[in-house]
Amino acid sequence: MSRAAIPGLPSRYPIGGQLPALYADDDFAQRFTAGLDTVLAPVFSTLDNLPAYLDPRVTPVDFLVWLASWVGAADDPQWPVERRREAVARAVELHRWRGTRRGLAEALRLALGVHADVTGDGGAVWSRTAGSGLPPEPSAEALVRVWPAGGTPVDVDRVHEIVRAMCPVHTAFRVEVLSGPPAEEGS
């Protein structure tokens, strides 16, 4: 979409009306400035609506790519527009949760429209009590279980790509694709 020339768009700030009185009745000056008004009207319109251009929920679709680049959001033109808008709107929050179970599950939901359950902590060990012994050695592998949401098929290659991008580099992971939510363990 081009915002350079919009036929018939009136200028909210016509230059001819702002000229000194000497040029108010000058036909050439009025025609000349009317030509400038035609060129500047889309610029003024864009500036007047700048907050809308910077809000991913209402920005024109072609601006989503630009906004996504500003906030480091994933933007795939093949996604539905509403999913693209949500990914840009929630990018800062997702960056805050990057490397966590919650962040990974949310990134998978936004990017692929699937549900995810992440277990395991990738080999991190800590203790809440200073000077105490270390807890038992954890599994060094995170398990990522995904299942379709609303009939959307699961693209396993894209799941691996997103998990690889969102997990800390030292973390090994395994992906399981399920037909539905995992059964509660111990029940």
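Residues numbered from 1 in each chain as written. Predicted model: local features only at pLDDT ≥ 70, side-chain atom pairs only at ≥ 80, totals over all residues. Heavy atoms only, no water.

A. The arrangement of the pattern of salt bridges in detail. Using the criterion set out here, one finds 15 salt bridges in the structure. Between glutamate 176 and arginine 174 there is a salt bridge, with the nearest N and O atoms lying 2.8 Å from each other. The exposure class assigned to glutamate 176 is partly exposed, which follows from its relative accessible area of 25%. (Salt bridge = Lys/Arg side-chain N within 4 Å of Asp/Glu carboxyl O. Buried < 20%, exposed > 50% of the residue type's maximum accessible area, 1.4 Å probe, protein only.)

B. Local environment of the packing of aromatic side chains. One pass over the structure, following the stated rule, counts five aromatic pairs. Considering the side-chain rings of phenylalanine 63 and tryptophan 66, the 5.5 Å spacing of their centres and the 70° angle between planes classify their relative orientation as edge-to-face. Taken together, the positions of phenylalanine 63 and tryptophan 66, both in helix α4 (residues 61-71) and three residues apart, correspond to about one turn of that helix. A centroid spacing of 4.6 Å and a plane angle of 50° characterise the contact between tryptophan 66 and tryptophan 70, whose relative ring orientation is tilted. Of the two residues, tryptophan 66 and tryptophan 70 both sit in helix α4, four residues apart, roughly one turn of that helix. Exposure remark for tryptophan 66: the relative accessible area of 36% places this residue in the partly exposed category. Of the residues examined, tryptophan 70 reaches a relative accessible area of 59% and is grouped as exposed. (Phe/Tyr/Trp six-rings, centres within 6.5 Å; stacked < 30°, edge-to-face > 60°. Helix = DSSP H or I, 4+ residues; strand = E, 2+ residues; numbered from the N terminus.)

C. Region of interest: the nonpolar core. In terms of nonpolar packing, the biggest core is built from 20 residues, with Leu104, Leu108, Val144, Val146 and Val159 touching the most fellow members. Secondary structure elements with two or more residues in this core: α7 (101-112), β1 (114-119), β2 (141-148) and α8 (156-166). Ranked by the residues each element gives to this core, the list is headed by α7, at six residues. Residues Leu64, Leu67, Val88 and Ala91 belong to the second largest nonpolar core, which totals six residues. (Core = buried A, V, L, I, M, F, W, Y, C linked by side-chain atoms within 4.5 Å.)

D. Region of the structure containing α7. Across its 12 residues, α7 extends 16 Å between first and last C-alpha, which sits within 8% of the 16 Å expected from 1.5 Å per residue. Most of α7 sits out of view: nine of its 12 residues are buried. Regarding α7, the residues found buried are Gly103, Leu104, Ala105, Glu106, Ala107, Leu108, Leu110, Ala111 and Leu112. Directly beyond the C-terminal end of α7, a positive phi value near 70° is found at glycine 113. (Expected span 1.5 Å × (residues − 1).)

E. Summary view of a nonpolar patch on the surface. The grouping of Val43, Leu47, Leu50, Leu54, Trp66 and Trp70 at the surface amounts to a nonpolar patch, some 600 Å² of accessible area in total. Where the nonpolar patch is concerned, the elements lending two or more residues are α2 (27-48) and α4. (Patch = residues over 30% accessible without salt bridge, like charges linked within 9 Å, V, L, I, M, F, W, Y side chains within 5 Å. Areas by Shrake-Rupley, 256 points an atom, 1.4 Å probe, with all protein chains shown as cover.)

F. Just the environment of glutamine 78, in detail. Summarising the element assignment, glutamine 78 is placed in the loop between α4 and α5 (81-89). Distance from glutamine 78 to proline 135, taken between C-alpha atoms, is 46 Å for residues 57 residues apart in sequence.

G. Fine view of α4. Residues of α4 that are buried include every one of Leu64, Leu67 and Ala68, and no others. With its buried residues spanning 105° around the axis, α4 presents them on a single face. In α4, those exposed residues whose orientation departs by more than 90 degrees from the buried face are Ser69 and Trp70. Positive backbone phi, at 65°, marks glycine 72, one or two positions downstream of α4. (Arc of directions from axis to C-beta.)

Such coordinate-based values are descriptive only and should not be taken to indicate function.
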